[in-house]
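Structural characterization, general
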Amino acid sequence: MKKLIKADLSKVLELTAAYQPIDRDSLKAELEILEQSRHNDYLFLARKDRFRLMALSEVYIAGSDANGFLALFEVQTCWPVLALLLHVEYMESGIHRGSVVLMDYFELVRDVVLFDRLPNTQRERHIKQMISRCLRYAPQCTMMELIEYLKTGR
């Protein structure tokens, strides 16, 4: 797990299309979710031609569409699965800036399975603590490391 700080979150998502076979037009629809910015924390999952931007809190709700989408990639192992945690910190001239945490997909799945059945307050507390730990303790990465992650999922 590594983080890129003070990044233009939309540009990072657009960069995935340069290294993964992602349809740019479909990606624009996902970017509108970020532009609406109803949440501060998002999860972007991508593998080959499938991707989705979701509110992180929805991923942790058992039975939700976001939770099902997360589990969808578990059986596929030949193509890398990208899991980017996006934390919106502020908006500057209409640009959402914040931290991008490069997550390990399989660790994320284990975490969601452990905590998705908790009551809402405990689940929300866990998510806030996880984000805080990621932002505080994950080592910073460079753009080259981000690009390598986008290519390989590692």
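Here we summarise the structure given alongside this text. (Residues numbered from 1 in each chain as written. Predicted model: local features only at pLDDT ≥ 70, side-chain atom pairs only at ≥ 80, totals over all residues. Heavy atoms only, no water.)

The secondary structure content of the protein amounts to 7 helices and 5 strands. Taken from N to C terminus, the helices and strands of the protein fall in the order β-α-α-β-β-α-α-β-β-α-α-α. Across its three principal axes, the protein shows a C-alpha extent of roughly 40 × 35 × 30 Å. Relative to its 154 residues, the protein shows a buried fraction of 47%. (Helix = DSSP H or I, 4+ residues; strand = E, 2+ residues; numbered from the N terminus. Buried < 20%, exposed > 50% of the residue type's maximum accessible area, 1.4 Å probe, protein only.)

Once that is clear, we can look at helix α6 (residues 120–137). Look at α6: 25 Å from first C-alpha to last across 18 residues, which is about the 26 Å you get at 1.5 Å a residue. Buried residues of α6: R123, H126, I127, M130, I131 and C134, and no others. Here the buried residues of α6 occupy an arc of 130° about the axis, which is enough to place them on one side. The exposed set on the far side of α6, more than 90 degrees from its buried face, consists of T121, K128, R136 and Y137. Those residues of α6 that are buried are in contact with β1 (2–8), β2 (41–47), α3 (56–59), β4 (82–92), β5 (95–103) and α5 (105–115). (Expected span 1.5 Å × (residues − 1). Arc of directions from axis to C-beta. Contact = heavy atoms within 4.5 Å.)

Let's shift gears to the pattern of salt bridges. Across all of its chains, the model carries 3 salt bridges by this definition. Taking the shortest distance from any N to any O, the salt bridge between E14 and K11 comes out at 3.6 Å. A residue pair is termed a helical-turn pair when its members lie 3 or 4 positions apart in one helix, as E14 and K11 do in helix α1 (residues 9–19) at 3 residues. Since its relative accessible area comes to 32%, E14 is described here as partly exposed. The shortest N-O distance in the salt bridge between E92 and R97 comes to 3.5 Å. (Salt bridge = Lys/Arg side-chain N within 4 Å of Asp/Glu carboxyl O.)

This part covers the sheet that holds strand β3 (residues 50–55). One open sheet holds the 5 strands; their spatial order is β1-β5-β4-β2-β3, and the pairing between them is antiparallel. A strand with exactly one partner marks an edge of an open sheet, and here the two such strands are β1 and β3. Adjacent strand axes in the sheet meet at a mean angle of 20°, parallel and antiparallel pairs treated alike. Packing against the sheet, helix α4 (residues 65–72) makes contact with β2 and β3, and its axis sits at approximately 140° to β3. Contacting β1, β4 and β5, helix α7 (residues 143–152) runs over the sheet at an angle of about 140° to β4. (Pairing = 2+ DSSP bridges. Axes fitted to C-alpha atoms, helices over the stretch in contact; angles between N-to-C directions.)

It is worth spelling out the packing of aromatic side chains at this point. Scanning the model with the defined rule gives 2 aromatic pairs in all. Here F44 and F51 contribute two aromatic rings whose centre-to-centre distance is 6.2 Å and whose plane-to-plane angle is 40°, an arrangement assigned as tilted. Relative to F106, the ring of Y105 has its centre 5.0 Å away and its plane inclined at 75°; by these criteria the two rings are edge-to-face. Accessibility expressed as a relative area gives 2% for Y105, which makes it buried. Given the relative accessible area of 39%, F106 is considered partly exposed. (Phe/Tyr/Trp six-rings, centres within 6.5 Å; stacked < 30°, edge-to-face > 60°.)

Here helix α2 (residues 24–36) is 13 residues long and its end C-alpha atoms lie 19 Å apart, about the 18 Å a rise of 1.5 Å per residue gives. Of all the positions in α2, only L27, E30, L31 and L34 are classed as buried. Contacts from the buried residues of α2 go to α1, β2, β3, β4 and β5. Looking one or two residues beyond α2, the residue adopting positive phi is S37, at roughly 45°.

Turning our attention to the environment of M91. Residue position: M91 is located in strand β4. Sequence separation between M91 and K11 is 80 residues, and the spatial gap between their C-alpha atoms is 14 Å.

Remember, this is a structural readout, not a statement about activity or role.
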